[in-house]
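Observations on chain architecture
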Amino acid sequence: ESIRLPRTLLAILVGASLAVCGAAIQGLFRNPLADPGLIGVSGGAALAAVSVIVLGETLLAGMVELLGPYSLMLAAFGGGFVTTLLVSRIATGRYGTSIHLMLLAGIAVNVITGAGLGMFSFMANDSQLRTLTFWTMGSLSGATWSTVLAVTPVILLVLVWLPASAKSLNALLLGESEARHLGVNVNRVKKRVILIAALGVGASVAVSGMIGFVGLVVPHLVRMTLGPDHRYLLPASALLGALFLLVADMGARTLMAPAEVPIGLITAAIGGPFFIALIVARGRSASL
């Protein structure tokens, strides 16, 4: 019970966080193809966290000593925030945000972070390498009461704060100039949503590693059912995201028992074909 309950709670928290952050990023960029993993947020968060795992006893020892159990989470948040800002800056021009540029920037950032992760894997010793291998594929096996307690306040803040931006995100669906006419401070909304989404993704990556496609698949399924209104989309995405990751974790534990499949492989196996189908559908509707 002391192992299962924290793991269940962590799956609920991480699933809800990734899904609601995905829905908010999609609303911000006005495109259902935007996802924390695809635009490099998860990769940036992972690279910063891996640097703490590998260099925590040497170069970053002072930081780890100072921040204690929060060092991994804060590093992941910092990495996610910097990459989100970078991708947003590259993709945004005089006429708003270009989805093509955003996806291209995301691919470039993922290549760079992938190279960084490879370098840290090369530098790691045997015990660190085992941690890294499982961690970069996503896993909830390290769930303890201390990790749950560390991440709960952050994720609850994200789950309350993002839905509070629902009306502004609804206005942004009409376009940035239209949103400004409706009295929305577009730049402030962008900064706020980017900051909170990076915080949510950073916290999630810090405790579960890289779990892809939750932020893409879940909001899209909710949008197909409930429509694009963020007042309903954001809370419903959080609920379905929690359920989705709970089921995926059950699969991770039971598919090859007693061995455990990394949960990121399961979400990728579901999300990859879904993403291809989504691109094909959008290509056919000629809206990309």
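Residues numbered from 1 in each chain as written. Predicted model: local features only at pLDDT ≥ 70, side-chain atom pairs only at ≥ 80, totals over all residues. Heavy atoms only, no water.

The subject of this paragraph is unusual backbone geometry. A positive phi angle, close to 75 degrees, is found at F213, a residue other than glycine. Turning to its location among the elements, F213 is positioned in the loop between α10 (186–208) and α11 (214–226). (Helix = DSSP H or I, 4+ residues; strand = E, 2+ residues; numbered from the N terminus.)

A contiguous nonpolar patch, built from L5, L9, I12, W145 and L149 and spanning about 430 Å² of accessible area, is present on the exposed surface. You can see L149 is positioned in helix α7 (residues 145–161). (Patch = residues over 30% accessible without salt bridge, like charges linked within 9 Å, V, L, I, M, F, W, Y side chains within 5 Å. Areas by Shrake-Rupley, 256 points an atom, 1.4 Å probe, with all protein chains shown as cover. Salt bridge = Lys/Arg side-chain N within 4 Å of Asp/Glu carboxyl O.)

Given a rise of 1.5 Å per residue, 13 residues ought to cover 18 Å, and the 18 Å separating the end C-alpha atoms of α11 matches this to within 8%. Buried residues of α11: V214, G215, L216, V217, V218, P219, H220, V222 and R223, and no others. Tucked into the core, α11 has its buried residues touching α1 (4–29), α12 (230–254) and α13 (263–284). Looking at the residues trailing α11, positive phi occurs at G227, about 90 degrees. (Expected span 1.5 Å × (residues − 1). Buried < 20%, exposed > 50% of the residue type's maximum accessible area, 1.4 Å probe, protein only. Contact = heavy atoms within 4.5 Å.)

This part is about the pattern of salt bridges. The final tally for this structure, using the stated rule, is four salt bridges. Note that D229 and R231 form a salt bridge whose closest N and O atoms lie 2.7 Å from each other. The shortest N-O distance in the salt bridge between R253 and D249 comes to 3.5 Å. In this pair, R253 and D249 both sit in helix α12, four residues apart, roughly one turn of the helix.

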